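Coordinate inspection notes
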Amino acid sequence: MIENELRQLISKAKACLTDLCPYTTHVAQLALEDMIQQAEAAVAQDENDKNDESGVLPFTTKREFGNWHWNKEDACQFAKKRYTMASVWFEPGKVYSTYGLEDALAWFQTQDLRKSLVASEIDENSYVNQSGKFELSMAETCEYYEKICREFLSNVTYGDSIGQYSKSAGEALLQALNQLTKIREENEKNIADNSVNMDDITANPNDTTAIAKALAACLNALWDLRTSRVLRSKIGLESGGNLLLSAAQMEEIRHKIESDPLTKGQYEQIKALADSASLEQRKSAYSALFATSDNYEQLNREFVIETSAGNRPSFAVPKGTVSASFALRLPREDNERDGLGNIQVWNIGLKASEGENIYLDIETANSLEVNERETAVCKVTLCNKTSDHEAVWTYDKEILLRDDAIYTVMFDAKQDGKLKKGMQIELTFFDKEGNKLGTREENFNRKSWLYVKKYNLYTQCDAICYWYTKDTSYAEKSKIEMLHFLDDFCQGAHYWLRYNERPEGSDAYGGVQGGRILFTIAVAYSMIRDSGVWNKEEKDRFYGLVSYMLRYLADLRDRTLLTKERAQRGSSNWQTDMHIGSAAIMMAIPDFPNRKLWMYNSEAVLRAQLDYKLNADGSWPESPRYHFASLEHFSLYARLWERESGENWFISRNANMPGLIDMFRYPLYTQTPPYAYFNDSIATPPFGDHKLGNGTEFALYGLYCDQVAQYDRDTAQKMYATWCRANKPVKGFWGESVTLENLMYSSTLQGEANTPASLELTSCAAFPNSGIYVFRDHFGTSQENYLAVMSSQKRIGHGHKDQGAFIYYYHCIPVIMDSGIEGYFEASTPWHICSYSHAVMQFEAPPHGPIKKTSGFINLSAGTYSLERGWNDGPDCSKVTQLCLDDKNDSCESISMEIKNQKGCGVQHRNITIDHSAETVTVQDTVTDFSDNVLFNLPILAKSAVQNENEILADGYYGVKIKITIHSNTESVVIESGRATPMAPGANDHTDLLYLRIKAKAEDGVAITIAPYEAN
């Protein structure tokens, strides 16, 4: 029985804690003690009292995600072992691990300082090569820890100002180090005198024991010194200030609200959001969490109820499918006599990877008695009065499908509670003769509940309005929204921790979201903390919810003693956000238990990520979209950490390492020309998981140019000029963004940087780690031409199979474009990721057996899309072999790349040349060590295209024509359409690119010239 197992584990952990106490650090002991307390709470839960959760769950369970159940056995299992994405103890190749008392005990046993460190803990190569199982010597282990201590000492200053340390704590560490040195020297002397192996603890265990005790004392002294640092949050908030800004800075914002049109407009929007609901409405909604039963009659009358069906799994249809039927069924077990027996469904359709999405015409369909017609929207209502009835709705029209496409069912639904079995979704597939080829069934059982996803935005808006007006009703409302939102989020987090999957398909409860949310909550809480609206019960509840969130995002295992490589190993942008949120909330709650351990653990991981993961050229090792996401959150943390500790993360601490300013520089030089479809705004090249847009990513530049100007005025001026070229975007209002930042936009650089002299861009190859090479001419004019090429020497996170791909703007109009990505839960995702959708060459795939088509809930790979069409996807990296740049941009520039076939023999040699005078781009592909066919893909942004022998004439947008000349022999030439994100006039939910596909023999290669021109 799991309860007995957990009780035995608790006893074992306590015994281990006692035994290893002299040889482990206080911090390591805290981590184990924390999990022992969690386990003891689980076994103390009263099985018979359904209302007594004994502090195990500090939130309600109204959402009933999945097959919800929670009892003492569940609580014990959760305390023993659950899933986690907290850094940094992942297994190789995995983005998650497990944690609980069992894992905490196993980790604690490795913290015994009588044991030497394992090589892989401090050496990346040992880890990568799986050769790090061997232990270091005891001398090497001591030297490793001593180095950490002495390096820390060398970087501290003593005093009482923000960021300074206690001199007595520093002296204590020096004394402990001296004692350790003395014991080690005595031990070495004894070894020399007695010819004893220093690392053989069986020979003289007392020697190692003494060293371990002295080492533990050193590391404890190091922790005491670290935590002696003077932090602003410990001093206390000044009246009118908050976590992010001082009282004086807030008064400057008050003045800007009254005098600056941009800031005034932002505040007016904030106030409108705050005033969208009354305090009484928020109180009433919050009280629903604690009702013994759900009164849907009242809930539907008073509140907005969430009706999203969430994300659904994608699926492939049988070969030969041309049509399908669609039906909804409510099983007889779900009936009103025995409980809930009805559900409403509307906006029914299928998302498609190819062509248009499909929307079922419910309004004109013969939907019998289960169709409810309303003036606003037509809904299908399934209702079983008793178990003698089983409601079925069948769509009476043929649904035309393609057998080479992937589909995802989409709809909205409302069910006032949890069904016993849930609604069945049934699709039947037919061939052109009407023969049945197969079926697909899905289940839906998602309880509709109060829509609170925007509460983390509203709580910030109310907090800001409280600051501006001093009206405590805003603070009261902010508090309730904060508590209500955290209660909801913790329920989703709990499901993820238990099952390692999204609750009912919702992506809103991930660790990324949790970290961002905690940061926003931290800022809002700091603005209302001293407002007088918190009673003890509410504060305790808030602390309990925060505590649960922390354990979702992190844990108390010590990261501060790890190497930088080890501290960030296996981490990604997920852990960035998770640790930023954890750190921020701890700065906002100065009396939270063990808050400095949470905070310094996060600081260690974040510093390691910035120092170790950030590329030397300032690019983040992921796609441009994630570069901006990381830059946004690192910058926010850096601003907060500088205010908290006085430490500056914007400039590099090491001349050989990049800092945050370098992250701002990189997109400056890769920005695209302004494009008419996006209101003449610039953007960034949509390589990888990114999409062409209206430059909203540059909202950060207007927000941080003042900060950057303190250290690098030239870069700051370029940032301001770029912000202006993007039409001065401001961060959108949403809950995962810090709303206070919308009132912090630049004013000091205004009028000084928006000049041609401040930003003059030419061709650029300064960011090889990003994989993006840019060739341009006539910058800043309507005649600007822009070519961006992708060739990365290492795999890029969230990248696509696009090595050698390129995009091309002619006179600020894109003519060759990347499809971008529509989302991770779309049927089209494998299409966007695979090579078949990019401007690349593909090698023919060898003969193969049956292919299991791409399907599933979340798509993060290229799947089998290319292979189904007979071609291999390209590799994740390539090599630039030659680069010819001319600073004057008055002649030809070129790039040559070597791209290997990742599925066997064959090497592609691609040369791309831009002729600035002729305004043409020539692409030449030659192939070696391969004898089969190759496929050349070219995505053209055009309304139509026709072939005339070896020429393709395309009708582009905004008066641009495109002539493409094929210079090489071909086996076939085809023009077909493919989905892209909206990027041209007439787009609804997507734009269709026209794909030129040239099939050729490998020995012939492919050579083309792209020659756009303006129509007369």
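Because the structure is a prediction, the values reported are computed rather than measured. (Residues numbered from 1 in each chain as written. Predicted model: local features only at pLDDT ≥ 70, side-chain atom pairs only at ≥ 80, totals over all residues. Heavy atoms only, no water.)

1. Thoughts on empty space enclosed by the protein
The following threshold applies: Think of a 1 Å grid over the protein atoms and nothing else: a 1.4 Å probe that fits but is trapped marks a cavity, an open set flanked by protein within 12 Å on at least five of seven lines marks a pocket, and residues with an atom within 4 Å of a point count as lining. Grid points are joined across faces, edges and corners, and a volume is the space filled by probe spheres set on the points. By definition, any uninterrupted DSSP run of H or I lasting at least four residues is a helix, any uninterrupted run of E lasting at least two residues is a strand, and each is numbered from the N terminus.
The full count for this structure, using the stated rule, is eleven cavities of 30 Å³ or more. Here the largest cavity defines a volume of roughly 110 Å³. Residue lining of the largest cavity: 13 residues in total, with Ser-233, Leu-237, Leu-243, Met-587 and Glu-644 positioned closest to the centre. Secondary-structure elements contributing two or more residues to the lining of the largest cavity are α9 (232-235), α19 (573-588) and α21 (624-645).

2. Observations concerning the nonpolar core
Rules: Take the buried Ala, Val, Leu, Ile, Met, Phe, Trp, Tyr and Cys residues and link them wherever side-chain atoms come within 4.5 Å; each set so joined is a nonpolar core. Between buried and exposed lies partly exposed: a residue is buried under 20% and exposed over 50% of the maximum accessible area for its type, with that area taken using a 1.4 Å probe on protein chains only. Pairs of residues are marked as contacts when any of their non-hydrogen atoms sit within 4.5 Å.
Residues Leu-6, Leu-101, Phe-542, Ile-585 and Leu-740 are the most contacted members of the largest nonpolar core, which totals 163 residues. In terms of residue count, the dominant contributor to this core is helix α15 (residues 472-499) (13 residues). Look past the residues within four positions of Leu-6 in its chain and what remains in contact with it is Ala-39, Ala-42, Val-43, Cys-76, Ala-79, Lys-80 and Leu-101. By size, the runner-up hydrophobic cluster in this structure holds 79 residues, among which are Ile-772, Ile-821, Met-841 and Leu-935.

3. Description of the pairing of strand β16 (residues 806-810)
Two faces belong to every sheet, and in a regular strand the side chains alternate between them. This is how it is decided: Here, a strand pair is defined by DSSP locating no fewer than two bridges between the strands.
Counted residue by residue, β16 has five buried out of five residues, so it is predominantly covered. Residues of β16 alternate between two faces, with Phe-806, Tyr-808 and Tyr-810 on one and Ile-807 and Tyr-809 on the opposite face, all of them buried. Judged from the four bridges that link them, strand β15 (residues 785-790) and β16 form a sheet pairing that is antiparallel. Counted as the bridge partner of Leu-787 is Tyr-808 from β16. Bridging between β16 and strand β17 (residues 813-816) involves three bridges; their strand directions are antiparallel. Within β17, the position partnered with Tyr-809 by the bridge is Pro-814. In this structure, the hairpin formed by β16 and β17 is closed by a connection of two residues, where His-811 is found at a positive phi of approximately 50°.

4. With respect to the packing of aromatic side chains
To keep it simple, the criterion reads: Under the pairing criterion, centres of Phe, Tyr and Trp rings, with the six-membered ring standing for Trp, must be within 6.5 Å; the plane angle then separates stacked pairs below 30 degrees from edge-to-face pairs above 60, leaving the rest tilted.
The full count for this structure, using the stated rule, is 54 aromatic pairs. Relative to Phe-767, the ring of Tyr-666 has its centre 5.3 Å away and its plane inclined at 55°; by these criteria the two rings are tilted. Here Phe-767 lies in the loop between α24 (713-725) and β14 (772-777) and Tyr-666 lies in helix α22 (residues 660-670), a separation of 101 residues in the sequence. One exposure class covers both Tyr-666 and Phe-767, and it is buried.

5. Remarks on the confidence of the model for the protein
Using the following cut-off: What pLDDT conveys is the predictor's confidence in a given residue, as a value from 0 to 100.
On average, residues of the protein carry a pLDDT of 91, and 93% of them reach 70 or more. Note on residues 365-375: pLDDT under 50 across the span, and 26 contacts to partners over four residues away in sequence or across chains.

6. Points about the side chain of Ser-233
The cut-off we apply is this: Two N or O atoms count as a polar contact when they lie within 3.5 Å, although within protein this holds only if one can serve as hydrogen donor and the other as acceptor, and sequence-adjacent residues are included solely when both atoms are side-chain atoms.
Turning to its location among the elements, Ser-233 is positioned in helix α9. At 2.8 Å, the side chain of Ser-233 forms a polar contact with the side chain of Arg-595. In this structure the side chain of Ser-233 is engaged in a polar contact, spanning 2.4 Å, whose partner is the side chain of Glu-644. For Ser-233, the residues in contact, after removing those within four places along its chain, are Met-587, Pro-590, Arg-595 and Glu-644.

7. Let's talk about the environment of Ser-572
Within the fold, Ser-572 resides in the loop between α18 (564-568) and α19. Taking the relative accessible area as the measure of exposure, Ser-572 reaches 21% and is therefore partly exposed. For the pair Ser-572 and Gly-797, spaced 225 residues apart in sequence, the C-alpha to C-alpha distance is 8.7 Å.

8. As for the pairing of β14
With six of six residues buried, β14 is to be regarded as a mostly interior element. Side chains Ile-772, Val-774 and Arg-776 project from β14 onto one buried face, and the interleaved Tyr-773, Phe-775 and Asp-777 project onto a second face that is buried too. Sheet analysis places β14 next to β15, joined by six bridges and oriented antiparallel. Paired with Tyr-773 across the bridge in β15 is Val-789.

9. Regarding the sheet that holds strand β24 (residues 944-948)
The test is simple: Where helices are involved, their axes are fitted lines through C-alpha atoms of the stretch in contact, as for all axes, and angles between N-to-C directions lie from 0 to 180°.
Pairing in this open sheet of eight strands is antiparallel, and the strands run β19-β20-β21-β22-β29-β26-β25-β24 from one edge to the other. Each having just a single partner strand, β19 (879-884) and β24 make up the two edges of the open sheet. In this sheet, neighbouring strand axes are inclined to one another by 15° on average, regardless of whether the strands run parallel or antiparallel. In this structure, strand β20 (residues 892-900) lies alongside strand β21 (residues 907-915), joined through nine bridges in antiparallel fashion. For Glu-898, the partnering residue across the bridge sits in β21 and is His-909.

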